[in-house]
Amino acid sequence: MDNLEKIAGELRAAHDEGKDAVELALLSREKLGETFGVISFTASFHLAFHVPLPVLQRAHAWQRFGWGRTSISDEEISAILSPWLTKP
């Protein structure tokens, strides 16, 4: 199992324990460590929850990631990701 699959499993487990979208995004950043970036974030959430790429591309604008000039709030990232955070 590669690292991204392991992290995806940890994200699913954290979600099963009640973590919300914001907490899961922060957990992905923590777990990915130095490898955290646009691609690794996208891959881990896609593997964990099958979030479509366009949804994850919008999530890249989250203010806590700081990846661009446009930023979205905690409430917005929650609204973007929450519909996909369902148990398989």
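Residues numbered from 1 in each chain as written. Predicted model: local features only at pLDDT ≥ 70, side-chain atom pairs only at ≥ 80, totals over all residues. Heavy atoms only, no water.

**What about the nonpolar core?**
Part 1: Core analysis: the biggest nonpolar cluster contains 27 residues, and L11, F41, F45, F49, I77 and L81 have the highest contact counts within it.
Part 2: Breaking this core down by element, the ones donating at least two residues are helix 1 (3-16), helix 2 (21-32), helix 3 (38-49), helix 4 (53-59) and helix 5 (74-81).
Part 3: For this core, the element with the most residues is helix 2, which contributes six residues. (Core = buried A, V, L, I, M, F, W, Y, C linked by side-chain atoms within 4.5 Å. Buried < 20%, exposed > 50% of the residue type's maximum accessible area, 1.4 Å probe, protein only. Helix = DSSP H or I, 4+ residues; strand = E, 2+ residues; numbered from the N terminus.)

**What about the packing of aromatic side chains?**
Each pair of aromatic rings is reported with the distance of its centres and the angle of its planes.
Part 1: Tallied over the entire structure, the rule returns six aromatic pairs.
Part 2: Ring geometry for W62 versus F65: centroids 4.9 Å apart, planes at 85°, classification edge-to-face. For the pair shown, W62 and F65 are each scored as buried.
Part 3: Here the aromatic residues F36, F41, F45, F49, W62 and F65 are joined through ring pairs into a cluster of three or more. (Phe/Tyr/Trp six-rings, centres within 6.5 Å; stacked < 30°, edge-to-face > 60°.)

**Comments concerning the environment of F65**
Part 1: By secondary structure assignment, the location of F65 is in the loop between helix 4 and helix 5.
Part 2: Between the C-alpha atoms of F65 and R29, which are 36 residues apart in sequence, the distance is 8.7 Å.
Part 3: In this structure, F65 is in contact with A25, F36, F41, A59 and H60, ignoring residues within four places of it in sequence. (Contact = heavy atoms within 4.5 Å.)

**What about the packing of helix 2 against helix 5?**
Part 1: Where helix 2 contacts helix 5, the two axes come as close as 8 Å, and the packing angle between them is 95°. Judged by the angle between their axes, helix 2 and helix 5 are roughly perpendicular. Contacts from A21, V22 and A25 in helix 2 reach D74, I77, S78 and L81 in helix 5.
Part 2: Classifying every residue of the contact of helix 2 with helix 5 by side-chain character gives five nonpolar, one polar and one charged. (Axes fitted to C-alpha atoms, helices over the stretch in contact; angles between N-to-C directions. Parallel < 35°, antiparallel > 145°, perpendicular 65-115°, else oblique. Nonpolar A, V, L, I, M, F, W, Y, C, P; charged D, E, K, R; others polar.)

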